[in-house]
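Working through the structure, step by step
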Amino acid sequence: MTIQKPALNRLTEHMEYKILAENAQGGMLQEITALVYDSRKIVPGCLFVCIRGSVFDGHTCIGQAAEQKAAAVVVEQDIEIPQGITVLKTADTRLALAELSAAWFGYPAKELKTIGITGTKGKTTTTYMIKSILENAGRKVGLIGTIETVIGQKRIPSANTTPESYLVQQYFREMADAGCDTCVMEVSSQGLMMHRTAGFTFDIGIFTNIEPDHIGPNEHASFEEYLSCKGMLFRQCRTGIINADDAHAEDVVKGHTCSIETFGFSKEADLRAEHMQLIHKPGYLGVAYQARGLCSFDVEIDVPGRFSVYNSLTAIAVCRHFEVSEENMKQALKHAKVKGRIEMVKVSDEFTLMIDYAHNAMSLQSLLGTLREYEPGRLVCLFGCGGNRSRLRRYEMGEVSGRLADLTIITSDNPRDEDPQAIIDDIRQGIAKTDGKYVEIADRKEAVRYAIRNGRPGDVIVLAGKGHEDYQEIKGVKYPMDERDLIADILAQPE
């Protein structure tokens with residue numbers, strides 16, 4: 001990936017700013033060697049964007065930028081201006097970073113069809129479903145999301161659901177250069193609030209659903225703010241595709257600037273699911289329904305539950321815009337799998353076992369409630385909770401599992417700096433509010449072994465909390481631990 005060194009005035013062509021100072025080395029006409037928002041990466045000739053974070057404020061590094069011969073800085077507050085540096089002031093440096101990044105990488109979104117998905121639940125699964133369908137139809141699709149960024153054969157583990165705007169544009173550029181024609185990405189409320197997806201317009205924006213989540217000191221101040229941030233996507237896309245069944249759908253699209261389509265079970269939805277059937281065989285859970293409205297064909301997917309209908313309907317609503325045939329959609333949906341999202345692992349002909357990322361009370365309740373609809377012989381839930389995180393989550397998850405599962409196996413997740421037994425004790429307090437049966441097995445492999453060895457005909461066993469993760473974090477060290485490997489080891493050993 002080769003980046004041309006643009007002049008500062010070209011780089012800022014879509015940014016609103018005023019010039020507070022110009023240096024004598026060319027001012028707005030000087031070439032910029034790098035676009036930087038991390039003070040540790042300042043180099044001579046760069047443009048340094050001062051970002052104010054919750055812990056660190058880049059405005060404190062303006063003197064350092066001048067000393068290290070940065071060409072220019074972008075600020076959002078009045079500062080003491082050092083000599084020899086161009087200073088641009090803008091209303092919001094996070095928005096400026098997005099606009100500058102798009103320019104720096106040559107506006108790569110113009111070379112791609114871009115699809116952005118926002119919502120509390122379903123983002124990850126739906127992105128992979130869309131990717132599967134479009135690739136089955138011959139397109140080359142990049143992906144940015146909670147688990148990873150995928151560019152051709154390259155996979156980059158994710159730190160955030162929606163990366164910083166500079167990385168988004170860098171990934172777009174790499175995708176376009178690798179021959180991708182489409183990018184599907186998860187768009188978090190925080191990503192929207194921090195303008196990580198500014199600087200371009202999505203071809204399609206999607207709203208899956210919304211529930212109170214991510215509300216707290218370092219996230220959103222209130223549910224209203226959370227809702228408002230989700231709605232920003234529909235002022236940044238050409239076509240909006242909305243879950244008509246969600247109680248907040250109209251609030252989310254208030255003030256939208258895009259055309260709107262709807263999906264759901266509602267008879268008023270443009271694309272709707274009818275005649276849903278749960279499919280339950282030993283070792284297999286799925287769902288079938290009829291898609292009607294904008295499309296009309298029968299769908300069966302190898303993932304259980306009503307929310308799987310929503311996820312697949314969303315994918316259909318998107319992919320019809322790409323003129324994908326109904327047959328291609330049906331085939332791709334039948335085989336679409338997402339690591340760690342209701343991922344079924346065959347261990348027996350008599351009972352069903354699955355791995356899922358459910359790691360808070362809301363997601364665990366949704367998962368276990370869905371599985372209850374399949375009327376299992378027993379519903380067995382194995383989970384732990386992360387250390388150095390809210391203790392309230394442990395009580396809540398314990399109570400949910402105690403209420404909905406026939407047996408809870410309490411074990412370890414990522415204990416981090418805490419004693420695993422102390423975390424287990426907190427979970428047990430939550431279960432104690434119910435009549436639920438439980439066992440405690442701190443070693444996660446031994447807990448999984450217990451679940452498999454004690455499985456009964458008709459059981460549905462859920463290993464919750466780790467999902468796609470392939471490590472266990474203990475005292476600052478991430479040790480390799482993939483539940484699929486644990487299961488394989490257990491099955492290879494004689495009983």
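Because the structure is predicted, anything quoted here is derived from the model rather than measured.

On to the overall build of the protein, then. A tally of regular secondary structure across the protein gives 15 helices and 24 strands. For a compact globule of 495 residues, the expected C-alpha radius of gyration is about 23 Å, and the protein comes in at 25 Å, within 12% of that figure. Counting only C-alpha atoms, the protein reaches 80 × 55 × 40 Å along its principal axes. Residue burial in the protein is summarised as follows: out of 495 residues, 57% are buried. Carbon and sulfur atoms provide 47% of the accessible area of the protein, an area that totals close to 21,200 Å². Across the protein, 56 positive and 68 negative side-chain charges occur, with their mean positions spaced 2 Å apart.

With that out of the way, let us pick up the layout of surface pockets. Here the second largest pocket defines a volume of roughly 270 Å³. Along the walls of the second largest pocket sit 13 residues, with Ala109, Lys110, Gly199, Phe200 and Thr201 positioned nearest its centre. Looking at the lining of the second largest pocket, its residues break down into 5 nonpolar, 4 polar and 4 charged.

Further remarks concern the nonpolar core. Grouped together as the largest cluster of nonpolar side chains are 68 residues, with contacts concentrated most on Ile115, Ile130 and Ile316. Broken down by element, this core gets its largest block of residues, 8 residues, from helix 9 (residues 306–319).

What follows covers the pattern of salt bridges. Note that side chains of opposite charge can pair when their charged atoms are close. Taken as a whole, this structure holds 37 salt bridges when the rule is applied. Here Asp459 ties to Arg378 by a salt bridge, and the two come within 2.7 Å at their closest N and O atoms. Placement of Asp459 in the loop between helix 14 (444–453) and strand 22 (460–464) and of Arg378 in the loop between helix 11 (361–372) and strand 19 (379–383) is noted, with a sequence separation of 81 residues between them. Residue class for Asp459 comes out buried when judged on its relative accessible area of 1%. Taking the relative accessible area as the measure of exposure, Arg378 reaches 15% and is therefore buried. Measuring nitrogen to oxygen at the nearest pair gives 3.9 Å for the salt bridge that ties Glu399 to Lys433. One end of the pair, Glu399, is in helix 12 (residues 391–404); the other, Lys433, is in the loop between helix 13 (420–431) and strand 21 (437–440), and 34 residues separate them in sequence. Taken together, the shared-partner salt bridges connect Glu300, Asp302, Lys334 and Lys337 into one network.

Here Gly116 is to be found in strand 6 (residues 113–118). Classification of Gly116 as buried rests on a relative accessible area of 0%.

Assignment of secondary structure puts Asp482 in the loop between strand 24 (477–480) and helix 15 (483–492). Taking the relative accessible area as the measure of exposure, Asp482 reaches 11% and is therefore buried. A distance of 2.6 Å separates the side chain of Asp482 from the side chain of Arg484, its partner in a polar contact.

Conventions adopted
- Residues numbered from 1 in each chain as written.
- Predicted model: local features only at pLDDT ≥ 70, side-chain atom pairs only at ≥ 80, totals over all residues.
- Heavy atoms only, no water.
- Helix = DSSP H or I, 4+ residues; strand = E, 2+ residues; numbered from the N terminus.
- Rg over C-alpha atoms; globule rule 2.2 N^0.38 Å.
- Buried < 20%, exposed > 50% of the residue type's maximum accessible area, 1.4 Å probe, protein only.
- Areas by Shrake-Rupley, 256 points an atom, 1.4 Å probe, with all protein chains shown as cover.
- Lys, Arg positive; Asp, Glu negative; His and termini not counted.
- Charge placed at Lys NZ, Arg CZ, Asp CG, Glu CD.
- 1 Å grid on protein atoms, 1.4 Å probe; cavity = no way out; pocket = protein on both sides within 12 Å on 5 of 7 lines; lining within 4 Å.
- Points joined across faces, edges and corners; volume = space filled by probe spheres on them.
- Nonpolar A, V, L, I, M, F, W, Y, C, P; charged D, E, K, R; others polar.
- Core = buried A, V, L, I, M, F, W, Y, C linked by side-chain atoms within 4.5 Å.
- Salt bridge = Lys/Arg side-chain N within 4 Å of Asp/Glu carboxyl O.
- Polar contact = N/O pair within 3.5 Å; in protein donor to acceptor, adjacent residues only side chain to side chain.

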